[in-house]
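Listed below are the residues making up each chain.
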Number of protein chains: 2
Amino acid sequence: MSRPLTARQQHVFDFIVKTMGEFGYPPTRAEIAKALGFRSPNAAEEHLRALERKGAIRIIRNTSRGIRLPNQEPQEVVDSTISALPAANIEASPAGLPVIGEVAAGSPILAAEHIDRYCPLPAEYFTPKADYLLRVRGLSMKDIGILEGDLLAVHRTERVRDGQIVVARLDDEVTVKRFKRQGHQVTLFAENADFAPIEIDLRSQSLDIEGVGVGVIRGGNGQALG
Amino acid sequence: MSRPLTARQQHVFDFIVKTMGEFGYPPTRAEIAKALGFRSPNAAEEHLRALERKGAIRIIRNTSRGIRLPNQEPQEVVDSTISALPAANIEASPAGLPVIGEVAAGSPILAAEHIDRYCPLPAEYFTPKADYLLRVRGLSMKDIGILEGDLLAVHRTERVRDGQIVVARLDDEVTVKRFKRQGHQVTLFAENADFAPIEIDLRSQSLDIEGVGVGVIRGGNGQALG
DNA sequence: TCGATAAGTGGTTAAGTATACAGTATGTTC
DNA sequence: GAACATACTGTATACTTAACCACTTATCGA
């Protein structure tokens, strides 16, 4: 796949995300250069090329402000799983809860390059507090009203109880399921008759719990309802 | 105070919102002109001026794609469709979107006594903007992930299209259904096989449309998930 | 009938913007 | 130490875009 971003590339990427959140449109090369202290817009241009090569952004040619964050492009994912990208860490969110789109195999969820945008809702709106919003893929939790494209509010914790909706990482894939444990045997249930439960034996398989679901948001930012 | 948008202005506005949702940045004058069939970018320019005069958008001068939807400033932002509705109006809420619980027969939805609390989310988080959140009762819309206790974000308007999720008042009861109209015959569909569609003949029965659903929130304020 | 407003066409221009080309400096890797 | 990537400076050019001017047509209320 693609290599992780360098520190400087991360700065450029962060500025793009911040600008889009703040002004509603992406920056120009000149604006990036000014913000990062470059004396030439070409420095920004080359960083953008690098970011595109690594898949962090998409560039629309010959278009002013033609920078896109590749997030809600529909993919042929069968399950409530998310796909791949590399690692880094996120600082304190400027404006609410970070919305996480695609998550990479082997990388932490809260990496800056996964963040589509921010949802201006305080973490404490949910109980226990939400740490981020995860964009759900697939319909495996359809029967309890969690649909494709919904944002699942997630509280980060490893301590989960039977019956809770958990965000788990299984074989480097992130998935949303209902949790049940009996000794060393964990079962992850889908809420959709089309999906079979997943059985994990903790003695032979690893299961990472990323957190528990504490809420759902649908319809923000252009997403259709119904 | 500003006047409501004309139909044509509404089209331009809708295109801007759609473009920002789809591409992540606002359109240029030329793109608006092409999409709406104008032969001159000036037609788009003048519409933008009109939209700005009416407070629907903000224009950043001399900036390509410098169109913003005024988010944190709920000042003179007026949607044409609201004006037609009965004005039992709530003042600009400093605390976000009002959450409506039980609605009494015969009383307007947005009456102060129905307001449980406020959800600290800007109206513009949803598109078109949400005017209030309605607590859903029953499971008639279960199949599209709207469950008992969920908060349905509602945009006040009487102008609804086939297939939209509407909040309707039928015999003084407020209900959420999928809307379909054929001449004077309106059908309200539940999204749950256990509920039959409701047929209304507009010549003999009255039907008030309170608005359209633009989003869903679940899990806030102690409400359980799953 | 008049005036105001909406909704355009058509063309121009200056500023904003993307992007190519030519360099420099500093690392890392084999 | 050659080969290569990152991270820039500096200049130049062509395309994109915002914004203005002049003019036309249609509608609507006074």
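If you're wondering where the values come from, they're calculated on a predicted model, not measured in any experiment. In this numbering scheme, every chain counts its residues from 1 along its sequence in written order. Chains and ligands are labelled by the order in which they are written, letters from A for the one and numbers from 1 for the other. Only residues with pLDDT of at least 70 get local features here, since the model is predicted, and only at 80 or more are side-chain atom pairs given and counted; chain-wide, interface and lining totals rely on the full set of residues. No hydrogens and no water enter the side-chain calculation; it runs on all heavy atoms of the structure.

**Some details on the pattern of salt bridges**
What makes a salt bridge here is a side-chain nitrogen of Lys or Arg within 4 Å of a carboxyl oxygen of Asp or Glu, nothing more. Applying the stated rule across the entire model yields 16 salt bridges over all chains. Between R218 of chain A and D150 of chain A there is a salt bridge; the shortest N-O distance is 2.9 Å. Of the two residues, R218 of chain A sits in strand β12 (residues 208–218) while D150 of chain A sits in the loop between β6 (132–135) and β7 (151–155), which places them 68 residues apart along the sequence. R49 of chain B is the partner of E45 of chain B in a salt bridge, and the nearest nitrogen-oxygen pair spans 2.7 Å. Highlighted residues: E45 of chain B and R49 of chain B, both in helix α3 (residues 41–53), separated by four residues, approximately one helical turn. If you follow the salt bridges from partner to partner, you end up with R29, E45 and R49 of chain A in one network. Secondary structure follows DSSP: runs of H or I at least 4 residues long count as helices, runs of E at least 2 residues long count as strands, and numbering of each begins at the N terminus.

**Structural notes on the interface of chain B and chain A**
By the convention used here, residues are in contact when the closest approach between their heavy atoms is within 4.5 Å. Each side of the interface is counted separately: chain B has 43 residues, and chain A has 43 residues. Here chain B packs against chain A, burying approximately 3,300 Å² in sum over the two surfaces, 55% of which is carbon and sulfur. Under the rule applied, a polar contact is a pair of N or O atoms within 3.5 Å (in protein, one hydrogen donor and one hydrogen acceptor; residues adjacent in sequence only if both atoms are side-chain atoms). Across the chain B-chain A interface, the total number found is nine residue pairs in polar contact (both at pLDDT 80 or more). For the side of chain B that touches chain A, the secondary structure elements donating two or more residues are α1 (7–23), β2 (67–68), β6 (151–156) and β11 (208–218) of chain B. Per-element tally for the side of chain B that touches chain A: the top contributor is β11 of chain B, with six residues. The term buried area refers to how much accessible surface (probe radius 1.4 Å) is lost by two components on association, counted for both of them together.

**Quick look at the UniProt feature "DNA-binding region" (unreviewed entry) in chain A**
UniProt positions are given in the numbering used here, feature names are shortened, and annotations may be inferred rather than shown by experiment. In the numbering used here, UniProt assigns the feature "DNA-binding region" (unreviewed entry) to residues 29–49 of chain A. The span residues 29–49 of chain A shows a helical share of 81% and a strand share of 0%, and its end C-alpha atoms are spaced 11 Å apart.

**Observations concerning the pairing of strand β9 (residues 185–189) of chain B**
Residues and elements named next belong to chain B. In the sheet, strand β8 (residues 173–182) pairs with β9 via five bridges, with the strands oriented antiparallel. Paired with F179 across the strands is L188, a residue of β9. In this structure, the hairpin formed by β8 and β9 is closed by a connection of two residues, where G183 is found at a positive phi of approximately 65 degrees. As judged from the four bridges shared by β9 and strand β10 (residues 198–201), these two strands associate in the antiparallel manner. Of the residues in β10, the one forming a bridge with T187 is E199. Strand pairing is assigned whenever DSSP detects at least two bridges linking the two strands.

**A word on the packing of aromatic side chains**
All names here are of chain A. Working definition: rings of Phe, Tyr and Trp (its six-membered ring) pair if their centres are within 6.5 Å, and the pair is stacked with planes under 30 degrees apart, edge-to-face with planes over 60 apart, and tilted otherwise. Under the counting rule described, the total for this entry stands at two aromatic pairs over all chains. Here Y125 and F126 contribute two aromatic rings whose centre-to-centre distance is 5.1 Å and whose plane-to-plane angle is 85 degrees, an arrangement assigned as edge-to-face. Residue Y125 is classed as buried on the basis of its relative accessible area of 7%. Each residue is assigned to one of three classes by its accessible area relative to the maximum for its type, calculated with a 1.4 Å probe on protein chains only: buried under 20%, partly exposed between the two thresholds, exposed over 50%. Judged by its relative accessible area of 1%, F126 falls in the buried class.

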